[in-house]
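# Chains, contacts and geometry: an overview
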There are 2 protein chains.
Amino acid sequence: MLPRRPEAKLHAAAPVFAALGDATRLRLVARLCSGGPASIAALTANVDVTRQAVTKHLHVLQDAGLVRGLRQGREQMWEIEPAKLDEARQCLDIISAHWDAAIERLRAAVEE
Amino acid sequence: MLPRRPEAKLHAAAPVFAALGDATRLRLVARLCSGGPASIAALTANVDVTRQAVTKHLHVLQDAGLVRGLRQGREQMWEIEPAKLDEARQCLDIISAHWDAAIERLRAAVEE
DNA sequence: CACATATGCAACCATATGGTTGCCTTTCGA
DNA sequence: TCGAAAGGCAACCATATGGTTGCATATGTG
């Protein structure tokens, strides 16, 4: 199921990075990671935007697969989906690995 | 110079993630990482958008500190700035570390 | 039941984003 | 010197984004 070509992996990671590319959303992700599941009201208390804005951000994160929401009574709880975070990290690792390899090739060429 | 509070680090990383959050830009970054410095014309050959679009993307990446451009004759060469990539990776590591700690706390609480 | 809390839905708005085309300038090479 | 190659600049366009306000709905509680 997983694509072998690293390029396809990169392509899939772009939306995840886009979702992380907002200061408010990054705070929400960090909050959910360190503090565990939380309701919208609780999350709104930590940022400086409206509850509606928080709701929108959570949906963006959900579309990227970074969080998951589940209803509990009258509260909508949100929790992190750590697999996607790992995916993003692996993507950076792949790119960095290529960089390291390029450095190594350069070093070898110079010392030749 | 580096902020101690992890939150400040997160806030600084958001623009980097935003810059990485586009498929074309991610391809450019990967290309520059694995293939070394390249001109705009060379980079344009690898993607399916106009040269102008590539130029815009490169400036976005430059504003995020991910690439650096330098003129060589009539060519504008672009190269990767690996420090920013590491910064993004560290940011994900910090978040994941909090997640791991939360998991550990949960495990400890259950086994208590 | 009545009220406060928690959320959803929709409209609306300003600005950012990703992309294009057209034209001008610089530089290399025959 | 003259044409082609490589870029820069600017205008323009459609859509996405981040945010708001207003109102409706569901749910817990005294």
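This text follows the structure it describes.
Below is a short write-up of the structure. (Residues numbered from 1 in each chain as written. Chains lettered and ligands numbered in written order. Predicted model: local features only at pLDDT ≥ 70, side-chain atom pairs only at ≥ 80, totals over all residues. Heavy atoms only, no water.)

Once that is clear, we can look at the sheet that holds strand β1 (residues 38-39) of chain A. What holds strands together in a sheet is hydrogen bonding between their backbones, with the strands either parallel or antiparallel. All names here are of chain A. The antiparallel open sheet is built from three strands, whose spatial order is β1-β3-β2. Edge positions in the open sheet fall to β1 and β2 (67-72), since each of these has one partner strand only. In this sheet, strand β3 (residues 75-80) lies alongside β1 in antiparallel orientation, the contact comprising two bridges. Among the inter-strand pairings, S39 is bridged to a residue of β3, identified as M77. Strands in contact with helix α2 (residues 23-35) are β1, β2 and β3; relative to β3, the strand with the most contacts, it is inclined by about 85°. (Pairing = 2+ DSSP bridges. Helix = DSSP H or I, 4+ residues; strand = E, 2+ residues; numbered from the N terminus. Contact = heavy atoms within 4.5 Å. Axes fitted to C-alpha atoms, helices over the stretch in contact; angles between N-to-C directions.)

With that settled, the discussion passes to the pairing of strand β2 (residues 67-72) of chain B. Residue and element names in this part refer to chain B. Pairing of β2 with strand β3 (residues 75-80), which is carried by six bridges, proceeds in the antiparallel orientation. Of the residues in β3, the one forming a bridge with G69 is W78. Taken together, β2 and the strand that follows it, β3, pair antiparallel across an intervening segment of two residues, in which G73 is found at a positive phi of about 65°.

Another point: the side chain of E79(B). Residue and element names in this part refer to chain B. Within the secondary structure layout, E79 lies in strand β3. Of the polar contacts made by the side chain of E79, one reaches the side chain of R68; its length is 2.6 Å. Excluding anything up to four places from it in sequence, E79 contacts L32, P37, L66, V67, R68 and L70. (Polar contact = N/O pair within 3.5 Å; in protein donor to acceptor, adjacent residues only side chain to side chain.)

Before going further, it helps to examine the packing of helix α5 (residues 82-111) of chain A against helix α5 (residues 82-111) of chain B. Viewed as axis vectors pointing N to C, α5(A) and α5(B) meet at an angle of 150°, and their least axial separation amounts to 10 Å. The angle between the axes of α5(A) and α5(B) places the two elements in the roughly antiparallel class. In this structure, the crossing between α5(A) and α5(B) has a hand that is left-handed. In contact with P82(A), L85(A), A88(A), R89(A), L92(A), D93(A), I95(A), S96(A) and W99(A) of α5(A), α5(B) contributes P82(B), L85(B), A88(B), R89(B), L92(B), D93(B), I95(B), S96(B) and W99(B). Its residues placed into classes, the contact of α5(A) with α5(B) shows 12 nonpolar, two polar and four charged. (Parallel < 35°, antiparallel > 145°, perpendicular 65-115°, else oblique. Left-handed = near helix turned anticlockwise from the far one by under 90°. Nonpolar A, V, L, I, M, F, W, Y, C, P; charged D, E, K, R; others polar.)

We now examine the protein's contact with DNA strand C. Taken together, 19 residues form the shell around DNA strand C, and within it A41(A), Q52(A), T50(B), K56(B) and H57(B) come nearest. A share of 61% of the atoms of DNA strand C within 4 Å of the protein falls on sugar and phosphate groups. Within the backbone of Q76(A), an N or O atom sits 3.2 Å from a phosphate oxygen of DNA strand C. The contact in question runs from a base oxygen of DNA strand C to an N or O atom on the side chain of Q52(B), over 3.2 Å. Looking at the surface near DNA strand C, the elements that each hand over two or more residues are α3 (40-44), α4 (51-63) and β3 of chain A together with α4 (51-63) of chain B. When residues of the surface near DNA strand C are assigned to their parent elements, the largest contribution, four residues, is made by α4(B). Among the residues making up the surface near DNA strand C, the classes are represented as four nonpolar, seven polar and eight charged. (Near = heavy atom within 4 Å.)

By themselves, these observations are geometric and do not establish any function.
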